[in-house]
Amino acid sequence: MANVGRFNDWEGCFNARDLGGLGALRPGVLIRADSLDGLTARGWTTLAADGVRTVIDLRNAGEAEVDHAPRPAGVTTLRISLDGIEHRDFWDVWWGTPGFGTPAYFRPFLERFPDRVAAVARAVAGAAPGGVAFHCGLGRDRTGIIALVLLRLAGASPQEIADDHALSEPRVRARYAALGRSYDDAGIQAYVAGLGTTVHALARDTAQWLDADAYLRGAGLTAAELDGLRGRLGA
């Protein structure tokens, strides 16, 4: 596997990392990432060599850009929009706010959209043999929600999940820099300080709150589907 520490070295991608080793999760099963549109031909070749056979794109319609290089024939892409952006009762509260860039919105999202999380969980459980890479734009927020749920199901501790979440921030900065865009997190820092907490604590506390088994059952997953998902995760 081509990686640097836990990060996968996929040329054209900045925030891909293997979640194996957290909880009972085996290496190569789940990889979280930022958008894969920018992968070079070498990047796609490396992704496939790392065993990924399914890509789940969590972004909204219209976010995807034209791929810089063709996707390998042996890799299936599933597009499952996580946000449910049409549900204005939720997004009019969160969209465009500093909290949207933090785990402060994770629990409200999980409570409001269990059906959308369940759709991703089913896709992971039913994916073809091989690794599953799931991604959004930056690989931090939407990807972070799915990582939190699946890692909790795999037995990862709240501390492990919060530590994993923290790995994204430097990679987000690197992505912005590589694209020649400025990155200013002053609003996020002020928002979190105003809550009297930290980004790490928000991620940890949400993971502590979540009973992934009960949550996914409540979201409609059957016992057989949960067993299949656990089997895939090694839980």
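Residues numbered from 1 in each chain as written. Predicted model: local features only at pLDDT ≥ 70, side-chain atom pairs only at ≥ 80, totals over all residues. Heavy atoms only, no water.

**Q** So what's going on with the overall build of the protein chain? Residues and values would help.
**A** Across its full length, the protein chain holds 11 helices and 7 strands. Taken over the C-alpha trace, the protein chain has a radius of gyration of 17 Å; the compact-globule value for 235 residues is 18 Å, and the two agree within 12%. Along the first, second and third principal axes, the C-alpha atoms of the protein chain reach 50 × 45 × 35 Å. With 235 residues in all, the protein chain has 50% of them scored as buried. Counting contacts in the protein chain only where the partners sit at least 6 residues apart, residues at least 24 apart contribute 70% of the total. (Helix = DSSP H or I, 4+ residues; strand = E, 2+ residues; numbered from the N terminus. Rg over C-alpha atoms; globule rule 2.2 N^0.38 Å. Buried < 20%, exposed > 50% of the residue type's maximum accessible area, 1.4 Å probe, protein only. Contact = heavy atoms within 4.5 Å.)

**Q** Describe helix H4 (residues 114–126), with residues and values.
**A** The first and last C-alpha atoms of H4 sit 18 Å apart over 13 residues, in line with the 18 Å expected at 1.5 Å per residue. Taken residue by residue, H4 has Arg 116, Val 117, Ala 118, Val 120, Ala 121, Ala 123 and Val 124 as its buried positions. (Expected span 1.5 Å × (residues − 1).)

**Q** Help me get a handle on the environment of Arg 171, residues and values and all.
**A** Tracing the sequence through the fold places Arg 171 in helix H7 (residues 168–178). On the basis of relative accessible area, Arg 171 is assigned to the partly exposed category, the value being 28%. Taking C-alpha positions, Arg 171 is 27 Å from Trp 209, a pair spaced 38 residues apart along the chain. Dropping the residues within four chain positions of it, Arg 171 is found in contact with Phe 7, Phe 14 and Asn 15.

**Q** Describe the pairing of strand S5 (residues 52–57), with residues and values.
**A** Counting buried positions along S5 gives 5 out of 6 residues, so the element sits mostly inside the fold. Bridge count between S5 and strand S7 (residues 131–135): 5 bridges; the pairing is parallel. Its bridge partner lying in S7, Asp 57 is registered against His 135. (Pairing = 2+ DSSP bridges.)

**Q** Quick one: what's the story with the layout of surface pockets, residue by residue and with numbers?
**A** The volume enclosed by the largest pocket comes to roughly 780 Å³. Lining the largest pocket we find 29 residues, and of these Gly 137, Leu 138, Arg 175, Tyr 176 and Arg 181 sit closest to its centre. Here the lining of the largest pocket is built from residues that sort into 9 nonpolar, 8 polar and 12 charged. By volume, the second largest pocket amounts to about 160 Å³. (1 Å grid on protein atoms, 1.4 Å probe; cavity = no way out; pocket = protein on both sides within 12 Å on 5 of 7 lines; lining within 4 Å. Points joined across faces, edges and corners; volume = space filled by probe spheres on them. Nonpolar A, V, L, I, M, F, W, Y, C, P; charged D, E, K, R; others polar.)

**Q** Tell me about empty space enclosed by the protein, residues and numbers included.
**A** Rolled over the atoms, a probe as big as a water molecule pinpoints where empty space is left. Scanning the model with the defined rule gives 1 cavity of 30 Å³ or more in all. Its boundaries defined by the atoms lining it, the largest cavity holds a volume of some 50 Å³. Considering the residues around the largest cavity, the lining is formed by Arg 32, Phe 106, Gly 144, Ala 147, Leu 148, Leu 151, Ile 161, Asp 164, His 165 and Ala 203. Mapped by element, the contributors of at least two residues to the lining of the largest cavity are helix H5 (142–153) and helix H6 (158–166). No other element matches the 4 residues that H5 contributes to the lining of the largest cavity. Looking at the lining of the largest cavity residue by residue, the class counts come to 6 nonpolar, 2 polar and 2 charged.

**Q** Report on the packing of H4 against helix H11 (residues 223–233), specifying residues and quantitative values.
**A** Packing of H4 against H11 leaves a shortest axis separation of 8 Å and a crossing angle of 60°. Comparing their axes, H11 and H4 come out oblique. Classified by chirality, the crossing of H11 by H4 is left-handed. Here Ala 121, Arg 122, Val 124 and Ala 125 of H4 lie close against H11, whose contacting residues are Glu 225, Gly 228, Leu 229 and Arg 232. Per-class residue counts for the contact of H4 with H11 are 4 nonpolar, 1 polar and 3 charged. (Axes fitted to C-alpha atoms, helices over the stretch in contact; angles between N-to-C directions. Parallel < 35°, antiparallel > 145°, perpendicular 65-115°, else oblique. Left-handed = near helix turned anticlockwise from the far one by under 90°.)

**Q** So, the pattern of salt bridges: which residues are in play, and what are the values?
**A** Summed over the entire model, instances satisfying the criterion amount to 24 salt bridges. Of the charged contacts, one joins Asp 164 and Arg 17 as a salt bridge, the two residues approaching to 2.8 Å between their closest N and O atoms. With Asp 164 in helix H6 and Arg 17 in strand S3 (residues 17–18), this residue pair connects regions lying 147 residues apart in the sequence. Among the charged side chains, a network of salt bridges with common partners joins Asp 37, Asp 57, Arg 59, Asp 67, Arg 71 and Arg 79. (Salt bridge = Lys/Arg side-chain N within 4 Å of Asp/Glu carboxyl O.)

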